Amino acid sequence: MEATQLPEGVTPEMVEEFKKKHQGVVKCAKLLDPENGGDFGFAIVGKPGVFAINQFDKLVDKDPLKAKLALINGTFCTRKEEIKTCDQAGNFFAACFDAAAQMLPVGKAELKNL
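My aim in this report is to walk through the structure given alongside it, one point at a time. (Residues numbered from 1 in each chain as written. Predicted model: local features only at pLDDT ≥ 70, side-chain atom pairs only at ≥ 80, totals over all residues. Heavy atoms only, no water.)

Topic: the overall build of the protein
At step 1: A tally of regular secondary structure across the protein gives five helices and two strands.
At step 2: When the helices and strands of the protein are read in sequence order from the N terminus, they spell out α-β-β-α-α-α-α.
At step 3: Considering only C-alpha atoms, the protein reaches an extent of 55 × 30 × 25 Å along its principal axes.
At step 4: The 114 residues of the protein split such that 33% are buried.
At step 5: Intrachain contacts of the protein at a sequence separation of at least 6 include 54% that bridge at least 24 residues.
At step 6: Of the roughly 7,800 Å² of accessible surface on the protein, a fraction of 53% belongs to carbon and sulfur atoms.
At step 7: Computed over 15 positive and 16 negative side-chain charges, the inter-centroid distance for the protein is 8 Å. (Helix = DSSP H or I, 4+ residues; strand = E, 2+ residues; numbered from the N terminus. Buried < 20%, exposed > 50% of the residue type's maximum accessible area, 1.4 Å probe, protein only. Contact = heavy atoms within 4.5 Å. Areas by Shrake-Rupley, 256 points an atom, 1.4 Å probe, with all protein chains shown as cover. Lys, Arg positive; Asp, Glu negative; His and termini not counted. Charge placed at Lys NZ, Arg CZ, Asp CG, Glu CD.)

The following block contains the structure:
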């Protein structure tokens, strides 16, 4: 899939709405199935907001599944209903979580000896 192609059912107008909701950062994620060598298709994901990140941080140690769902819900722009009803121990859910996790903001630091 080329960078300019959109997944089936996604219009440029929808992408603009997604960008407004996700601080201007949206990407097309190819959801891979490494076990079978194929993929589950594409989804549009966006940068998670503060609420989704806080929910993930709050739940990750207490209830990892709820934490993953909170991050996916705050990141995915398409296919949310399919994710909610899928096998949460399966490869599709794992691929969705991987895409959501890749959208988390990552800081970098430079450390020096004292």
